[in-house]
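# Working through the structure, step by step
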Amino acid sequence: MTEKQKIAASCSPTSEVLLEVNDLTVEFAVRRSRGGGRAKQVLRAVDGVSLKVHRGETLGLVGESGSGKTTLGRALLRAVPASRGSVRFHGQHGGVDEVMQLDRRGLRRVWRNMQMIFQDPFSSLNPRMTVRDIIGEPLVAHGLAKGVDLESRIRNIAIKCGLSTEQLGRHPHAFSGGQRQRIAIARALILDPEFVVCDEAVSALDVSIQAQILNLLKRLQRDLELTYLFIAHDLAVVSQVSDRVAVMYLGRIIETGPTARLFNAPRHPYTEALLSAIPTADPDKPMNPVLLTGERPDPSDPPGGCAFHTRCRFAQNRCREEKPALKPVGSGHLAACHFTEELELHGVLQQDFTRSAL
């Protein structure tokens, strides 16, 4: 086996489930002006999501802005409260934690194994603290290290994340965006978590810096045996880093499957529309974007039946009346469309497109 094959094998996800989500729903109360008064409405940001994340894999999560991606990622860690549903975390300790039912003490314990990397590294870092204190703060907060041991662990993870020990005494304003993201990654990983939510972790960076951070995340996943939920707008980035992809629309998962299969042969019209908007690498190859009609519906007043039917060129009466279930359409591939087996949808070859944001 070549060195490249050994690395690929070590990065391969297992069939073991690390995180199991069932019927997760997140609702927010909003008030709208109506008839001179204030009417209370419910905005369902995450609508009955069920999915599994396997140990060692990267699950990409894509969709338009406002589709509920970030809310879902935060709800998994109880950073925002869920209205109903369950999140079961199968940690290395051998037990299963029902995250939604944990008390404060239990939640602090499980947070050691579940961390998040945010989109804007500068706003997520305390400008008054040195890099050393920022990275080491989680260890201090959990009472896991002090003195020489604390310093050693800070230096170790900083070096793993591409930071020098000389930089530990500086403050965040002295660093570039890419370096700040390395600091944020080091802070998230110092507790040695198993599961990390990467919430648009590279979208605020220049393309060249994005590549460096993506390579870093891949190497850390291999070396530290991490599992990622990778939330992003950039479909090309998602294609590069993800083993599987889940597509969200109006709070619902409408398609999920292995990355190559989903990109090459999408089975939901919304996924096809997203893929068709990616610029191709070949300037002589014309783009044929699938244009969606109308505006995205108001999440506080979603349409009945299939949430996508108001913008779908294939919509029929059944779509307006009946909500489609997420059903198998191939090996490990699921789609929520009444007519998925009848439609001729077009995908893209991953090597044929350039990087682009939705």
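Coordinates for the structure precede this section.
Structure report, in brief. (Residues numbered from 1 in each chain as written. Predicted model: local features only at pLDDT ≥ 70, side-chain atom pairs only at ≥ 80, totals over all residues. Heavy atoms only, no water.)

### What about the sheet that holds strand S11 (residues 327-330)?
The condition is simple: Only strands that DSSP links by at least two bridges are regarded as paired with each other. Helix and strand assignments follow DSSP, with helices taken as H or I runs no shorter than four residues and strands as E runs no shorter than two, numbered in order from the N terminus. Angles shown run from 0 to 180 degrees and are taken between the N-to-C directions of axes, each axis being a line fitted to C-alpha atoms and, for helices, limited to the stretch in contact.
Here we have eight strands laid out as an open sheet, ordered S6-S7-S8-S3-S9-S10-S12-S11, and mixed in their pairing. Of all strands in the sheet, those bounded by a partner on one side alone are strand S6 (114-117) and S11. Each neighbouring strand pair of the sheet contributes to a mean axis angle of 25°, computed without reference to strand direction. As paired strands, strand S7 (residues 195-199) and strand S8 (residues 227-231) are joined by five bridges and run parallel to one another.

### Let's talk about the packing of helix H4 (residues 131-141) against helix H5 (residues 147-160)
Note the following rule: Oblique is the label for every angle not falling under 35 degrees (roughly parallel), over 145 degrees (roughly antiparallel), or within 65 to 115 degrees (roughly perpendicular). Handedness of a helix crossing follows the sense of rotation of the near helix relative to the far helix, less than a right angle counterclockwise being left-handed and clockwise being right-handed. Contacts are residue-level and defined by heavy atoms, with any inter-residue pair within 4.5 Å sufficient.
Following both chains from N to C, one finds H4 and H5 inclined at 120°, their axes separated by 10 Å at the closest point. As judged from the angle between their axes, H4 and H5 are oblique. Crossing geometry of H4 relative to H5 is assigned as right-handed. Residues Arg132, Ile135, Gly136, Leu139 and Val140 of H4 form the contact with H5, whose participating residues are Leu150, Glu151, Arg153, Ile154, Arg155, Ile157 and Ala158.

### Digging into the nonpolar core
Stated precisely, the cut-off is as follows: For our purposes a nonpolar core is just a set of buried Ala, Val, Leu, Ile, Met, Phe, Trp, Tyr and Cys residues, chained together by side-chain atoms within 4.5 Å. Residue burial is assigned from relative accessible area. The probe radius is 1.4 Å, only protein chains are included, and a residue is buried under 20% of its type maximum, exposed over 50%, and partly exposed in between.
Residues Ile135, Ile185, Leu220 and Phe230 are the most contacted members of the largest nonpolar core, which totals 65 residues. Counting residues in each nonpolar core, the second largest holds 32 residues, with Leu77, Leu102, Met114 and Leu229 among its members.

### Quick look at the pairing of strand S9 (residues 244-249)
Most of S9 sits inside the fold, with six of its six residues counted as buried. Burial along S9 is two-sided: Arg244, Ala246 and Met248 facing one way and Val245, Val247 and Tyr249 facing the other are all buried. Relative to S9, strand S3 (residues 58-62) is paired through four bridges, and the arrangement is parallel. Paired with leucine 61 across the strands is alanine 246, a residue of S9. In this structure, S9 lies alongside strand S10 (residues 252-258), joined through six bridges in antiparallel fashion. Bridge pairing links arginine 244 to proline 258 in S10. Hairpin connection, S9 to S10: the antiparallel pair is bridged by two residues, and leucine 250 has positive phi, about 50°.

### Remarks on empty space enclosed by the protein
Keep this limit in mind: In this analysis a 1.4 Å probe is tested at points of a 1 Å grid over the protein atoms alone, and where it fits but cannot get out there is a cavity; an open set with protein on both sides within 12 Å along at least five of seven lines is a pocket; lining residues have an atom within 4 Å of a point. Grid points are joined across faces, edges and corners, and a volume is the space filled by probe spheres set on the points. Following the grouping adopted for this structure description, the nonpolar residues are Ala, Val, Leu, Ile, Met, Phe, Trp, Tyr, Cys and Pro, the charged ones are Asp, Glu, Lys and Arg, and the polar ones are all others, Gly among them.
Going through the model one piece at a time under the given rule, you end up with three cavities of 30 Å³ or more. As for the largest cavity, its lining consists of 14 residues, and the residues nearest its centre are Pro269, Cys306, Cys312, Cys319 and Cys337. For the lining of the largest cavity, a count of residues per class yields 11 nonpolar, three polar and no charged.

### Focus on the pattern of salt bridges
Quick note on the threshold: Within this document, salt bridges are pairs made up of a side-chain nitrogen of Lys or Arg and a carboxyl oxygen of Asp or Glu, the two lying within 4 Å of each other.
The tally for this structure, following the rule as stated, stands at 15 salt bridges. Note that arginine 311 and glutamate 64 form a salt bridge whose closest N and O atoms lie 3.2 Å from each other. Note that arginine 311 is positioned in the loop between helix H10 (269-276) and helix H11 (317-321) and glutamate 64 in the loop between S3 and helix H2 (69-76), a separation of 247 residues in sequence. A relative accessible area of 8% places arginine 311 in the buried class. Salt-bridge contacts for glutamate 151 lead to arginine 132; the nearest nitrogen and oxygen are separated by 2.9 Å. Within this pair, whereas glutamate 151 is found in helix H5, its partner arginine 132 is found in helix H4, the two being separated by 19 residues in sequence. A relative accessible area of 21% means that glutamate 151 is categorised as partly exposed.

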